[in-house]
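For reference, the chains in residue letters:
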Amino acid sequence: MWDYSDKVKEHFFSPKNAGAVDGANAIGDVGSISCGDALRLTLKVNPDTETIEDAGFQTFGCGSAIASSSVLTEIIKGMSLDDALKVTNQDIADELDGLPPEKMHCSVMGREALQAAVANYRGEEWSDDHEEGALVCKCFAVDAVLIEDTIRANGLKTVEEVTNYTKAGGGCSSCHEGIEEILEMVLAEAGEDFDPTAAAATATPAGEPVKLSPFQRMKKIEAILDEIRPQLQRDHGDVELIDVDGKNIFVKMTGACSGCQMASATLDGIQTRLVEGLGEFVKVVPASAAQLAAVGA
Amino acid sequence: MSDQGIYLDNNATTMVDPTVVEVMLPYFSEQFGNPSSLHQFGNKVGMALKKARKQVQALLGAEHDSEIIFTSCGTESDSTAILSALKAQPERKEIITTVVEHPAVLSLCEYLEKEGYKVHYLKVDNKGRLDLNTYQNLLSDKVAIVSVMWANNETGTFFPVEQMATMAKAAGVMFHTDAVQAVGKVPINLKESAIDMLSVSGHKLHAPKGIGVLYLKRGVRFRPLLRGGHQERGRRAGTEAAASIIALGRAAEMAMEHMEYENTCVKAMRDRLEEGILASVSHCFVTGDPDNRLPNTANIAFEYIEGEAILLLLNKMGIAASSGSACTSGSLEPSHVMRAMDIPYTAAHGTVRFSFSRYNTMEEVEKVIAAVPPIVAQLRKLSPYWDGEGPLEEPEKAFAPTYA
Ligand SMILES: Cc1ncc(COP(=O)(O)O)c(C=O)c1O
């Protein structure tokens, strides 16, 4: 059985705000019945203040799905819609004192139900673009779809590269066979064979590598980040450059990007853009607390 | 047992019978010798292994005790059987199995497909039954082995393995059955059957975990999985797990003694549980083929709620069972067995398996019958498919969430 925290058990055994809210004016239905989880979130929003006066949930799902739904309603009650939208799935998981990696998607579902409900209130269409696959790497909760997409997008050829881009396989390494299988499959689509002995590419051959001075390089990094920024801001997040040390580029994720389960995917996306833009292999790393303190961030 | 709660998960594993523990204990201490050794330390162990082999032979109704090969588990027996057939007949590149096998067979078959073998997966109908005509048409001299389970671990449904073995034999094809769930629960008489190989796992019949048997009919061509010493006549090298083998022997003997009880009293408890739950809970049904299954297994689908949530609430009341929901396995899909029977998702996720043993009592059954309805009601109250006393009208249309 899962190793659930006491908080999860508490919210599962005595859920808060179960059932539909009377006079609800925002409804969010999300989930996937094939995955065994589905959630309807109903909100009563005060139209004058745009605050959530009441929230209720109905969930078809496992212990952690019910607990995530329950804790979500507790978190958002009394919040303004804008503030509520800033609640990340990590906030939900944290409030529950953590979830097993296989169950993080339960908290993602909570956040998505909230987005869907707000969209419903505002008369907008809400569609979700993240597709979920079978969990491959349990250490870092990386699923097959993300690995596949990253391999395709970046022309990856080795397990090591997959680990560099997605973190998958960077822990206990039990999933390397699974990653090799995905590589084999994706490479086969392009008529290529997977070569387990190939060395990981250290630099992405993006045209002629131009030798930049440290200052030019820094400017270039800033410029690339500026290009990405609008995309992040659309998702209510942002990125800040903290330091550059050789191949390591230290950044701070802010807003909705910080602590979101997709943060690592976002970091990988940024890394890909930087690798392409700079024509060399770099690693995007979340800045440590000490680094942040040093720059007063 | 009731001070530890009510254990209804005997298809997952069983308690080692106390008398079984008793017979195995000396083989950890005073009788620690290697049965292959000539000296007195080994000799007695050798005698005890011989006895255990005879006891297992009797339970399986095998003609010779040399047809019994001890392995480390049911999974090893399955792998050994299938890989042996492929190695011994390299010109045959096809396998016939079913979509509802245990992963011990299915994962291996999926792997073998990548190695270039052609695997035919027989489908089942909505009661989990096979179509023997399809099977007959697949049998050919290209097939190296048929591997079909005797009884399904989730629903308990039997496959007609004896008949299928006869059909395979007529076509000159080897036949293996994973009988891990059947052995000890239903009478088996291999000397009268055409079954070439059969897998057993000790921990499903009150022996310890980590001991299994591969039955190999005399004369069937065989290639070992593990080569090395001469143990098990060279068919499975590695120093014998003496204590566990001896334990399995005793457990086999006890299973024989309780065969009648299993098929009357244990069956009566299972039937009472089913009847009691079906009478007091709406929108639930038995999965598999109720007329043709193990005496100890009940698999009930509770619609519009999810299995793990049911198990957590049952567990809180001291009741142990298991579920075919995606969440209990950590995968995204509900049980492949439920999907194969075309059970709708809203029910497949809510399946709960109650599996009995001779240690259960009618008193426990009544407690479970009383515990289940409020648990189901509590979860349905939370379900978006449910409204008051019943499901929404056209529930899957009324609540059709955006895929996330
Ligand atoms: C039908 C079936 N086959 C094989 C196995 C695997 O047996 P073992 O755990 O001994 O490897 C099991 C047990 O879960 C089973 O139910």
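Everything numeric here is computed off the predicted structure, so don't read it as measured data. (Residues numbered from 1 in each chain as written. Chains lettered and ligands numbered in written order. Predicted model: local features only at pLDDT ≥ 70, side-chain atom pairs only at ≥ 80, totals over all residues. Heavy atoms only, no water.)

*Asks:* A description of the overall build of chain B should follow, citing residues and the corresponding values.
*Replies:* For chain B, the count of helices and strands is 14 helices and 16 strands. The C-alpha extent of chain B, read off along each of the three principal axes, is 75 × 50 × 35 Å. Here chain B holds 404 residues, and the buried ones make up 59% of them. Here chain B displays about 16,300 Å² of accessible surface, and carbon together with sulfur accounts for 52% of that area. (Helix = DSSP H or I, 4+ residues; strand = E, 2+ residues; numbered from the N terminus. Buried < 20%, exposed > 50% of the residue type's maximum accessible area, 1.4 Å probe, protein only. Areas by Shrake-Rupley, 256 points an atom, 1.4 Å probe, with all protein chains shown as cover.)

*Asks:* Any details on the packing of helix H2 (residues 40-60) of chain B against helix H7 (residues 242-257) of chain B? Residues and values, ideally.
*Replies:* Any two packed helices are characterised by how steeply their axes cross, that is the angle between the axes, and by the distance between the axes. Residues and elements named next belong to chain B. Across the interface, H2 lies against H7 with an axial gap of 8 Å and an inter-helix angle of 35°. Here H2 runs over H7; the crossing is left-handed. On the side of H2, the interface is formed by Val-45, Ala-48, Leu-49, Ala-52, Gln-55, Val-56, Ala-58 and Leu-59, while H7 contributes Ala-242, Ile-245, Ile-246, Leu-248, Gly-249, Arg-250, Ala-252, Glu-253, Ala-255 and Met-256. When grouped by side-chain class, the residues that make up the contact of H2 with H7 number 14 nonpolar, 2 polar and 2 charged. (Axes fitted to C-alpha atoms, helices over the stretch in contact; angles between N-to-C directions. Left-handed = near helix turned anticlockwise from the far one by under 90°. Contact = heavy atoms within 4.5 Å. Nonpolar A, V, L, I, M, F, W, Y, C, P; charged D, E, K, R; others polar.)

*Asks:* I'd like to hear about a negative patch on the surface, residue by residue, with values.
*Replies:* Residue and element names in this part refer to chain A. A cluster of acidic residues, Asp-6, Glu-10, Glu-74, Asp-91, Asp-94, Glu-95 and Asp-97, forms a negative patch on the protein surface. Looking at the negative patch, the elements with two or more residues in it are helix H1 (6-13) and helix H4 (89-95). For the negative patch, the element with the highest residue contribution is H4, accounting for 3 residues. With respect to the element layout, Asp-94 can be found in helix H4. (Patch = residues over 30% accessible without salt bridge, like charges linked within 9 Å, V, L, I, M, F, W, Y side chains within 5 Å. Salt bridge = Lys/Arg side-chain N within 4 Å of Asp/Glu carboxyl O. Lys, Arg positive; Asp, Glu negative; His and termini not counted. Charge placed at Lys NZ, Arg CZ, Asp CG, Glu CD.)

*Asks:* Could you give me a rundown of the site of the ligand, with the residues and numbers involved?
*Replies:* Residue and element names in this part refer to chain B. Around the ligand there are 13 residues in total, and Thr-75, Asp-178, Gln-181, Ser-201 and Lys-204 lie nearest to it. Ser-201 is positioned with one of its side-chain polar atoms (N or O) 2.6 Å from an oxygen atom of the ligand. Here the ligand, which alone exposes 390 Å², has 87% of that area covered by the protein. The biggest single contributor to the shell around the ligand is helix H3 (residues 74-88), with 3 residues. A breakdown of the residues in the shell around the ligand according to their chemical character gives 3 nonpolar, 7 polar and 3 charged. (Near = heavy atom within 4 Å. Polar contact = N/O pair within 3.5 Å; in protein donor to acceptor, adjacent residues only side chain to side chain.)

*Asks:* Tell me about the sheet that holds strand E8 (residues 283-286) of chain A, and name the residues and values.
*Replies:* Residue and element names in this part refer to chain A. Taken together, 3 strands build an open sheet; the order of strands is E6-E7-E8 and the sheet is mixed. One side of each edge strand has no neighbouring strand; the edge strands of this open sheet are strand E6 (237-245) and E8. With direction set aside, neighbouring strand axes in the sheet form an average angle of 35°. The pairing of strand E7 (residues 248-255) with E8 spans 4 bridges and is classified as parallel. Within E8, the position partnered with Ile-249 by the bridge is Val-284. Together, E6 and E7 form the strand contacts of helix H9 (residues 214-234), whose direction differs from that of E6 by roughly 165°. (Pairing = 2+ DSSP bridges.)

*Asks:* Any details on the nonpolar core? Residues and values, ideally.
*Replies:* If you look at soluble globular proteins, the nonpolar side chains tend to sit buried side by side. Grouped together as the largest cluster of nonpolar side chains are 71 residues, with contacts concentrated most on Leu-43 and Ile-76 of chain A together with Phe-302, Leu-314, Phe-354 and Leu-379 of chain B. Residues within four places of Phe-354 of chain B in sequence aside, it is in contact with Leu-8, Leu-273, Ile-277, Asn-296, Thr-297, Ala-298, Ile-300, Leu-314, Ala-321, Val-368 and Val-372 of chain B. In terms of nonpolar packing, the next biggest core, distinct from the first, is built from 70 residues, Tyr-27, Val-148, Ala-194 and Ala-242 of chain B among them. (Core = buried A, V, L, I, M, F, W, Y, C linked by side-chain atoms within 4.5 Å.)

*Asks:* I'd love a proper account of the side chain of Asp-65 of chain B, names of residues and values included.
*Replies:* Residues and elements named next belong to chain B. Inspection of the secondary structure puts Asp-65 in the loop between H2 and strand E2 (68-71). Residue Asp-65 is classed as buried on the basis of its relative accessible area of 18%. Contacts of Asp-65, omitting those with residues within four sequence positions, involve Arg-53, Lys-54 and Gln-57.

*Asks:* Break down a nonpolar patch on the surface for me, citing the residues and quoting the values.
*Replies:* Taken together, the side chains of Val-21, Leu-25 and Phe-28 of chain B make up a nonpolar region of the molecular surface, amounting to roughly 280 Å² of accessible area. For Leu-25 of chain B, the position within the fold is in the loop between helix H1 (18-24) and H2.

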